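The lines below spell out each chain.
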Amino acid sequence: METELMRIGVSLPDNLLDKFDKIIEKRGYSSRSEGIRDAIRNYISHYEWMGEIKGQRVGTIAVVYDHTKRGLSNALADIQHQYSQLIKSSVHIHLDHDDCFEVIVLDGDGEEIKELAEAILALKGVKFSKLTTVPSNEKL
């Protein structure tokens, strides 16, 4: 089955494109387009996985963010207070002058955990956010 290819335009900062180009070269992609298609497939897969987070869950959200970004620290604190029923603990580490790393430990409803993770990821100045969950009653 042949799929029609669509041409799109994307604007990226130089440093992001440079990093991407180095990765696609190391991974052996024949073109940026091939790398972008793979990245989009991965993004879609992650989004679909997020849709399956339901029921009682335990998990973590790992976040790297620029604490010098005006209002970001307050916004993160406000969001965490809105979901305080889920948060069991958190650890905050200063990586360098600008960047902080935070790990938030969670226990509660999967839909609410997903909402919290998406609210954090949507904030400008958040450089990285990773949600990991498992069913809370699962024997590992």
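Below you will find a few notes about this structure. This is a predicted model, so every value here is computed, not measured. By convention here, each chain's residues receive numbers from 1 onward along its written sequence. Since the coordinates come from a predicted model, pLDDT governs what is reported: local features require at least 70, and pairs of side-chain atoms require 80 or more to be given and counted, while whole-chain, interface and lining totals use all residues. In computing side-chain values, all of the structure's heavy atoms are included and hydrogens and water are not.

## What to know about the nonpolar core
Burial of nonpolar side chains together is a common tendency in soluble globular proteins.
Part 1 of the argument: Among the buried residues, those of types Ala, Val, Leu, Ile, Met, Phe, Trp, Tyr and Cys that are joined through side-chain atoms within 4.5 Å form a nonpolar core. For the exposure calls, accessible area comes from a 1.4 Å probe over protein chains only, and a residue counts as buried if that area is under 20% of its type's maximum, exposed if over 50%, partly exposed in between. With 21 residues, the main nonpolar core has Ile61, Tyr65, Leu106, Leu116, Ile120, Val126 and Leu131 as its most contacted residues.
Part 2 of the argument: Strands here mean DSSP runs of E at least two residues long; helices mean DSSP runs of H or I at least four residues long; both are numbered from the N terminus. Mapped by element, the contributors of at least two residues to this core are β1 (56-66), α3 (72-82), β3 (99-109), α4 (110-121) and β4 (126-135).
Part 3 of the argument: Broken down by element, this core gets its largest block of residues, four residues, from α4.
Part 4 of the argument: The criterion used for residue contact is that any of the two residues' heavy atoms lie within 4.5 Å. Setting aside chain neighbours within four positions, we find leucine 131 in contact with Trp49, Met50, Ile53, Thr60, Ile61, Leu106, Ile113, Lys114 and Ala117.

## Here's the deal with the environment of lysine 114
Part 1 of the argument: With respect to the helices, strands and loops of the structure, lysine 114 is situated in helix α4.
Part 2 of the argument: Linking lysine 114 and methionine 50, residues 64 residues apart in sequence, is a C-alpha distance of 7.0 Å.
Part 3 of the argument: Every residue in contact with lysine 114, bar those within four places of it in the chain, is listed here: Met50, Gly51 and Leu131.

## What to know about a nonpolar patch on the surface
Part 1 of the argument: Distance thresholds for patches are 9 Å for like charges and 5 Å for nonpolar side chains (Val, Leu, Ile, Met, Phe, Trp, Tyr), applied to residues having over 30% relative accessible area and no salt bridge. Note on areas: these come from Shrake-Rupley sampling with a 1.4 Å probe, and a residue is covered only by the protein chains present in the view. For this document, the term salt bridge refers to a Lys or Arg side-chain nitrogen within 4 Å of an Asp or Glu carboxyl oxygen. On the surface, Met6, Ile8, Val10, Leu12 and Leu16 cluster together into a nonpolar patch covering about 540 Å² of accessible area.
Part 2 of the argument: Topologically, leucine 12 is positioned in the segment before α1 (14-27).
Part 3 of the argument: Overall, leucine 12 belongs to the partly exposed group, its relative accessible area being 41%.

## Overview of the pairing of β3
Part 1 of the argument: Whether two strands pair depends on DSSP finding at least two bridges between them. The pairing of β1 with β3 spans eleven bridges and is antiparallel. Residue aspartate 66 lies in a different strand from β3, and its bridge partner there is aspartate 99.
Part 2 of the argument: Here strand β2 (residues 87-94) runs beside β3; their pairing, made up of seven bridges, is antiparallel. Paired with histidine 92 across the two strands is glutamate 102, which belongs to β3.
Part 3 of the argument: Connecting the antiparallel pair β2 and β3 is a turn made up of four residues.

## Some words on the environment of histidine 97
Part 1 of the argument: With respect to the element layout, histidine 97 can be found in the loop between β2 and β3.
Part 2 of the argument: Spatially, the C-alpha atom of histidine 97 lies 32 Å from that of asparagine 42, the residues being 55 residues apart in sequence.
Part 3 of the argument: Excluding anything up to four places from it in sequence, histidine 97 contacts His67 and Thr68.
Part 4 of the argument: One polar contact links histidine 97 to aspartate 98, side chain to side chain, over a distance of 2.8 Å. Here a polar contact is recorded for every N or O atom pair within 3.5 Å, except that within protein the pair must consist of a potential hydrogen donor and a potential acceptor, and residues adjacent in sequence are included only if both atoms are side-chain atoms.

## Notes on α1
Part 1 of the argument: The span you would expect from a helix comes to 1.5 Å times its residue count less one. The end-to-end C-alpha separation of α1 is 20 Å, in line with the 20 Å expected for 14 residues at 1.5 Å each.
Part 2 of the argument: Looking at the residues trailing α1, positive phi occurs at glycine 28, about 85 degrees.

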